[in-house]
Amino acid sequence: MTNLVIVEHDNNEIAIATLNAITAAQQIGGDIDLLVAGESCQAVADSAAQIAGINKVKVADNPMFGHHMAENLAALVVDVAKSYSHILVAATTFGKNMMPRASALLDVAQISEIVEVKSADTFVRPIYAGNALATVQSADAIKVITVRTIKFEAAAATGGSAEIEAIDSGVDTGLSSWISQAVSGGDKVELTSANIVVSGGRGMQNGENFSMLQSIADKLGAAVGASRAAVDSGFVANELQVGQTGKVIAPDLYIAVGISGAIQHLAGMKESKVIVAINNDSEAPIFQVADYGLVADLFEAVPELDAAL
Amino acid sequence: MKILVCVKRVLDPQVKARVKADGSGVDLANAKMTMNPFCENALEEALRLREAGSATEVIVVSVGGGKTPETLRHGLAMGADRAVNVVTEESLEPLAIAKVLKAIVVKEAAGLVLAGKQAIDDDSNQTAQMLSALLGWSQSTFISNFTLDGETATTIREVDAGLETITVKMPAVISVDLRLNDPRYVKLPDVMKAKRKPMENIELDSLGLDTANRLTTLEVVEPEGRAAGVIVANVAELVDKLRNEAKVI
C-alpha cells in the first residue's frame, strides 16, 4: 500500500488538520507520500519533509495552484494518483471542496469523513449527523478518503527527513479565479484547535452579547463558537458555526450558552470531553449531553462565571 | 438559460435517526421525509434568478424511487417549472448520482446547476463537485452569495477561515450553504398549481450508465451515548466541579 496525503497550507504553513489525516494514513499502513501544491511554497515543503514517517514530499510549485482552486488541484491529484492505493485529505472546507472532484475524475467513490480505519479497505464514517455510524468497505482500486480530524491524533510534526521531489505537472484549467478572502478571526484562538470552546446560541439575543463569552474565552485561552441559529441570525460570522454542516470539534471543555441543542448542533460538539450547558430551559436537549448543566438565565450566570474565573 | 436544481428526499432534519436493530441501516419506514434543506436554498436561488430575468426555466431533478415524486412536487410548488425524476429503487452513491445528473444536464442543455452542499442523511458532501468534474465545468461550493455577471459568476464561499470570494466561468455547478437565502413558504394555491406542472419519469436503466455501487455497507450502528451528567445548583458549584472534579480549567 502507498498512501498520498494532500497537504493543506497557505503557502507558508501547514494546516494542523493535515497531521490528523497523516495519522489516518499511518493506520492504513504502508508508505506515506505528501503532495504540496501551491505557489512559492518551498517553506511548506520543507516543513512537510520533517513530519515523522514520511517517505517523499511531492511539490507542485506553480502560480496555478496559488489559491488552491479545486479544478486545478483535482486535475493534479489525478495526474499523480496512479501510483497510490489511498489518497487522503483532512475533511476541512479545503478537502471537502477539491477531493470529490478528484474522486469523480478517477471514477472512484469517495469515503467522506472517516472516523476509524478498520482495515486497508474498510472504514467507519458517521451518517445522519452522527446519529449512526456506518462501516463501509471499498471495492475501488484507489481509495479516496476525507478524514474527520477529531478522531485521529496529530502526527508528529518533526523527526522525519523525507526526500523532496519537484513535480512539473498540471494544467491551468482557467475555470475559476480567486478574488479575495475576508477573515474576521484576528488574533483570536482558532476554533478547531482550541482546548476550550465557549459557544453561544439564539439565547444570546444579539452579536454584542457575544462579548460576554469572549471575555470568558480570553480568561480560559478558549475559542468562541456559535450555533447555527446564532450565525443565521447574524450575531456572529459563519466560521464560528459548530455543527453537522459547520465545524466538528472535540475540545477538552465545551461550554454551551443559550444553545438549545438541535440535532445538527450536537453533531458538531458531542465528542467534546466535558460539556457544560447553561440554559434557562431545563427541558432543552443540550442537557441530555451535558456533563454539567446549569439551569439559569445566562445574563446572570455568564457575568457571574466571568467574575469567578 | 435553463437552471437545473438537484434535490434529494431525506429524513426530516427535526427527526432523530433510529438505527435498525439488525444493523442494516437507518429505519425510514413511516418516518417523516422532506426535501433536503440545502436543496431548498438551491431552488430558491434558481427561482430568484428566473424572477430577475437571468434564467428562462427552472427544472428540478431527483434520483430515487418510492415517494421521490412527492419531493419534486414540493419543488414545483415552490415555483420550479417542471420536474425530472430518474426512477430507481437502488440507493445510489454520489458518484453514480453525479453520472445520472450529468446525463440530464446534457439532455436539457442546462447552463447552470445549483445543488445543496450536503445531504443531511449520508452527509457525503460530494455530488455537486463530482458533477462539476464530470461535466468539465467550473465549481464553487458552500456559497452564501451568488451574482451572475454574464459569462462569469461571482460567488462568496463559506470556508473554515471566513469568507472567500471567487469568480467562476459559466457554465458552472454551484453548491449552496444555508445562508444564501431564505426559501419561500409554499401556499396552498401553489400546491394545487404544482399538480398540473409536468413531471417526466426516466427509468435509470434507459440511461445506460455504470451506476454500480463501489462501497458495501457492512454495518450501521448507533454511536455510544454519553453518560448522564449532573445539574449544578449555581455558578460556584459549576466552577468547583470544572476545577476539582473534571480538572479542565
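Since we're looking at a predicted model, the values are computed, not measured. (Residues numbered from 1 in each chain as written. Chains lettered and ligands numbered in written order. Predicted model: local features only at pLDDT ≥ 70, side-chain atom pairs only at ≥ 80, totals over all residues.)

A separate point is the overall build of chain B. The helix and strand tally for chain B stands at six helices and 13 strands. Structurally, chain B occupies a C-alpha span of about 65 × 45 × 40 Å along its principal axes. With 249 residues in all, chain B has 48% of them scored as buried. Of the contacts made within chain B by residues no fewer than 6 positions apart, 69% connect residues no fewer than 24 positions apart. (Helix = DSSP H or I, 4+ residues; strand = E, 2+ residues; numbered from the N terminus. Buried ≥ 20, exposed ≤ 12 C-beta atoms within 10 Å, placed from the backbone. Contact = placed C-beta atoms within 7 Å.)

Residues and elements named next belong to chain B. In the sheet, strand β4 (residues 57–64) pairs with strand β5 (residues 82–87) via six bridges, with the strands oriented parallel. By the bridge assignment for β5, S62 is matched with N85. Traced from β4 through helix α2 (residues 68–78) to β5, the parallel crossover comes out right-handed. Note: β5 against strand β11 (residues 199–203), five bridges, orientation parallel. By the bridge assignment, V86 is partnered in β11 with I202. (Pairing = 2+ DSSP bridges. Right-handed = clockwise from strand over helix to strand, strands pointing away.)

Residues and elements named next belong to chain A. Across the sheet, seven strands lie side by side as β5-β9-β4-β1-β2-β3-β10; this open sheet has parallel pairing. Sheet topology places β5 (110–114) and β10 (163–166) at the edges, where each strand pairs with a single neighbour. Strand-to-strand twist in this sheet, taken as the mean axis angle between neighbours without regard to direction, amounts to 25 degrees. In the sheet, strand β1 (residues 2–6) pairs with strand β2 (residues 31–38) via five bridges, with the strands oriented parallel. Paired with V5 across the strands is L34, a residue of β2. (Axes fitted to C-alpha atoms, helices over the stretch in contact; angles between N-to-C directions.)

Further remarks concern the nonpolar core. Core analysis: the biggest nonpolar cluster contains 195 residues, and V5(A), V36(A), V5(B) and V113(B) have the highest contact counts within it. It is helix α3 (residues 94–108) of chain B that provides the largest number of residues to this core, a total of eight residues. Inspection of this core shows a minimum of three residues originating in each of domain 1 (2–166) and domain 2 (191–308) of chain A. Beyond its immediate chain neighbours, meaning those up to four positions away, V113(B) contacts L4(B), C6(B), V105(B), L131(B), V173(B) and I174(B). (Core = buried A, V, L, I, M, F, W, Y, C linked by C-beta atoms within 7 Å. Domains from an automatic or database assignment.)

Let us look at the packing of helix α4 (residues 93–105) of chain A against helix α4 (residues 127–135) of chain B. In contact at an axis separation of 8 Å, α4(A) and α4(B) are set at 50 degrees when each is read in the N-to-C sense. In terms of axis orientation, α4(A) runs oblique to α4(B). Considering only the axes of α4(A) and α4(B), their crossing is right-handed. Facing α4(A), whose interface residues are N97(A), P100(A), R101(A), S103(A), A104(A) and L105(A), α4(B) presents Q129(B), M130(B), S132(B), A133(B) and L134(B). (Parallel < 35°, antiparallel > 145°, perpendicular 65-115°, else oblique. Left-handed = near helix turned anticlockwise from the far one by under 90°.)

The next point concerns the sheet that holds strand β7 (residues 122–127) of chain A. Within the open sheet, the four strands sit side by side as β6(A)-β7(A)-β8(A)-β12(B). Their pairing is antiparallel. On the outer flanks of this sheet lie β6 (116–119) of chain A together with β12 (215–221) of chain B, each paired with one strand and no other. Direction aside, the axes of adjacent strands within the sheet are offset by 30 degrees on average. Of the pairings in the sheet, the one linking β7(A) to strand β8 (residues 132–138) of chain A comprises six bridges and is antiparallel in character.

Residue and element names in this part refer to chain A. Here chain A is partitioned into domain 1 (2–166) and domain 2 (191–308). Computed from C-alpha coordinates alone, the two centres of domain 1 and domain 2 are separated by 31 Å. Tallying the contact residues gives five residues for domain 1 and ten residues for domain 2. Here the residues of the side of domain 1 that touches domain 2 sort into three nonpolar, one polar and one charged. (Nonpolar A, V, L, I, M, F, W, Y, C, P; charged D, E, K, R; others polar.)

Further remarks concern unusual backbone geometry. Here the residue pair M170(B) and P171(B) is connected by a cis peptide bond, since its omega of 0 degrees sits within 30 degrees of zero. Structurally, P171(B) can be placed in the loop between β9 (162–169) and β10 (172–176). Residues other than glycine seldom take positive phi values, yet A129(A) does so here, at roughly 55 degrees. Structurally, A129(A) can be placed in the loop between β7 and β8. The class for A129(A) is buried, based on 24 C-beta atoms found within 10 Å. Not every positive phi belongs to a glycine, and D123(B) is a case in point at roughly 50 degrees. Take D123(B): it is sitting in the loop between β6 (112–116) and α4. Its 20 C-beta neighbours within 10 Å are what place D123(B) among the buried residues.

Quick look at the interface of chain B and chain A now. At the interface, 64 residues of chain B touch 70 residues of chain A. At the level of elements, α3, α4, β7 (138–149), β8 (152–159), β9, β12, β13 (230–232) and α6 (235–245) of chain B are the ones that each hand at least two residues to the side of chain B that touches chain A. The element that contributes the greatest number of residues to the side of chain B that touches chain A is β9(B), accounting for eight residues. Split into classes, the residues belonging to the side of chain B that touches chain A amount to 32 nonpolar, 17 polar and 15 charged. Bridging between β8(A) and β12(B) involves six bridges; their strand directions are antiparallel.

Residues and elements named next belong to chain B. Taken across its nine residues, α4 has nine buried, putting it largely inside the fold. T127, A128, Q129, M130, L131, S132, A133, L134 and L135 are the residues of α4 that are buried. Once α4 finishes, G136 follows within two positions and takes phi at roughly 70 degrees, a positive value.

Before going further, it helps to spend a moment on α4(A). All names here are of chain A. Compared with an ideal rise of 1.5 Å per residue, which puts 13 residues at 18 Å, α4 spans 19 Å between its outermost C-alpha atoms and is within 8% of the ideal. The element α4 is extensively covered by neighbouring structure, given that twelve of its 13 residues are classed as buried. Among the residues of α4, those classed as buried are T93, F94, G95, K96, N97, M98, M99, P100, R101, A102, S103 and A104. Residue D107 follows α4 closely and has a positive phi angle near 55 degrees. (Expected span 1.5 Å × (residues − 1).)

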